[in-house]
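# Structural characterization, general
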Amino acid sequence: MQNFTTFVAAVLFAAAPAFADDLQDATKLLKDGKAPQALERVNRALAAKPRDPQARFLKGLILTEQGNTRDAIDIFTRLTQDYPELPEPYNNLAVIYAGQGQYDKARVALEQSIRTHPSYATAYENLGDVYAKLASQAYGKALQFDASNAGAQNKLSLVRELVGGPAAQPTQAAKPVAIAAQKPSAEKPKAEKPAALDMNADILKAVSSWAEAWSKKDADAYLSHYAKDFKTPGGEARASWEKSRRARISAPKTIEVGIASPRVTVQGAAQASVNFRQNYRSDVLKASSIKTLVLVKSESRWLIREEKSGN
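Along each chain, residues carry numbers from 1 onward, in the same order as the chain's sequence is written. Restriction of local features to residues with pLDDT of at least 70 applies here, the model being predicted, together with a cutoff of 80 or more for giving and counting side-chain atom pairs; totals for whole chains, interfaces and linings are based on all residues. In computing side-chain properties, one takes all heavy atoms of the structure into account and sets aside hydrogens as well as water.

## Topic: the overall build of the chain
For helices the rule is a DSSP run of H or I covering at least 4 residues; for strands it is a run of E covering at least 2, with both sets numbered from the N terminus onward. A count of helices and strands for the chain gives eleven helices and four strands. Across the 311 residues of the chain, 41% fall into the buried class. Any two residues having at least one pair of non-hydrogen atoms within 4.5 Å are treated as being in contact. Taking all contacts inside the chain whose residues are at least 6 apart in sequence as the whole, residues at least 24 apart take part in 57%. Values of accessible area rely on a 1.4 Å probe in the Shrake-Rupley scheme; residue burial ignores everything except the protein chains shown. Counting only carbon and sulfur atoms, one obtains 52% of the accessible surface of the chain, whose full area is about 16400 Å². Remark: exposure states derive from per-residue accessible area (1.4 Å probe, protein chains only) relative to the maximum for the residue type, with buried under 20%, exposed over 50%, and partly exposed in between.

Set out below in structure tokens:
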């Protein structure tokens, strides 16, 4: 089982230079293991913009790294109250709760994270880990009352293989790592056949059109980029997923979606995947994340069959 992961938003800051510099410096210092210095920088940024969600989120990460979970919980909780549409603060609350062995609280926080962002892969993975921990506790309790229960013994053994030990020993959260914006590779690209280049160009054009429709807040055009057999997150009904996406697109006043460092992998004449950094900016949120789109060719169009977040 993988450890609980802590999400770190990597942002292309568009704020005042001094403010942006403080946040970038704080992120780098945290990555380098210099939490006290990182806290000093982020506090300086918050003195200029006390309600900035990115600075507050980063401070929560730093406090978590320092073991100050009480104040970190307070920061992430307030972020969920001020910005209920953001999934990351809920996820990080779950990480802390799980580290304390409070798996019911972690489950509630992760379920809320997924409700706000149904395609947030990190929350799904963490929720699976939490369910495994809860199952381990339940099977252990069953064996306390009936030690001869062979079914519970077998199930407990299987679950412990997943969670890495007894439920009383919660998995520690992985050390947060700030993900810097990817830069184009310095390596000279290999020569490709013209036909492959044409296919790659068509695929990238489809991804660019998808991002452009999102940026224009044109929900109809945006949704038209998804295949009929699109795999909705968690198997959600297509109609419900589309309703949720329309709401998320219409809520902000402005949206800008940028695609950086796209890498196309062709899996045949009618299927490909594109991995890239998605830079999202609206009047309420700025965030950068790694995304992968799995596309299929339907007639003359490349359409999205699956959407994944994270590496």
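## With respect to the pattern of salt bridges
For this document, the term salt bridge refers to a Lys or Arg side-chain nitrogen within 4 Å of an Asp or Glu carboxyl oxygen. Under the criterion given, the structure shown has 15 salt bridges. Across the pair Arg-78 and Asp-74 runs a salt bridge, and its minimum N-O distance is 3.2 Å. Of the two residues, Arg-78 and Asp-74 both sit in helix α4 (residues 69-82), four residues apart, roughly one turn of that helix. Arg-281 serves as the salt-bridge partner of Glu-256, at 3.5 Å between the closest nitrogen and oxygen. One end of the pair, Glu-256, is in strand β1 (residues 255-266); the other, Arg-281, is in strand β2 (residues 271-282), and 25 residues separate them in sequence. Judged by relative accessible area, Glu-256 falls into the partly exposed class, the value being 45%. What makes Arg-281 partly exposed here is its relative accessible area of 32%. Bridged by salt links that share partners, the residues Arg-51, Arg-56 and Asp-82 form one connected network.

## Some words on the packing of aromatic side chains
Here the distance between the centres and the angle between the planes together describe a pair of aromatic rings. Under the pairing criterion, centres of Phe, Tyr and Trp rings, with the six-membered ring standing for Trp, must be within 6.5 Å; the plane angle then separates stacked pairs below 30 degrees from edge-to-face pairs above 60, leaving the rest tilted. Counting across every chain of the model gives ten aromatic pairs. Put simply, the rings of Trp-210, Trp-214, Tyr-222, Tyr-226, Phe-230, Trp-241, Phe-276 and Tyr-280 touch in pairs and so form one group of aromatic residues.

## What to know about the pairing of β1
Here β1 pairs with β2 via ten bridges, running antiparallel. Looking across to β2, one finds that Arg-263 is bridged to Asn-275. Being paired, for any two strands, means DSSP has found at least two bridges between them. Hairpin geometry of β1 and β2 is characterised by an intervening segment of four residues between the two adjacent antiparallel strands and by a positive phi of about 145° at Gly-268.

## Notes on the pairing of strand β4 (residues 301-309)
Pairing between strand β3 (residues 286-298) and β4: eight bridges, direction antiparallel. Residue pairing for β4: Thr-292 is matched across the bridge by Lys-308.

## Things to note about the side chain of Ser-282
Residue position: Ser-282 is located in strand β2. Setting aside chain neighbours within four positions, we find Ser-282 in contact with Pro-252, Thr-254 and Ile-255.

## Re the confidence of the model for the chain
Within a predicted model, pLDDT stands for the predictor's per-residue confidence, ranging from 0 to 100. Residues at a pLDDT of 70 or more form 79% of the chain, whose mean pLDDT is 79. Here helix α8 (residues 150-163) is the element of the chain with the lowest mean pLDDT, 66, and helix α10 (residues 219-223) is the one with the highest, 96. Taken as a whole, residues 1-15 scores under 50 in pLDDT and shows 60 contacts with residues more than four places along the chain or in a different chain. Taken together, the stretch residues 165-194 has pLDDT below 50 and engages in 55 contacts with residues farther than four places along the chain or on a different chain.

## Let's talk about the nonpolar core
What makes a nonpolar core is a set of buried Ala, Val, Leu, Ile, Met, Phe, Trp, Tyr and Cys residues whose side-chain atoms join them at distances within 4.5 Å. Judged by nonpolar contacts, the single largest core of 39 residues is most densely connected at Leu-23, Val-42, Leu-58, Ile-62 and Phe-76. Put simply, the parts of the chain that give this core at least two residues each are α1 (17-31), α2 (35-48), α3 (53-65), α4, α5 (88-99), α6 (103-116) and α7 (121-145). Leave out the neighbours within four places in its chain, and Ile-62 touches Leu-30, Ala-35, Ala-38, Leu-39 and Val-42. Counting 24 residues, the second largest nonpolar core, distinct from the first, contains Ile-203, Tyr-222, Phe-230 and Leu-293.

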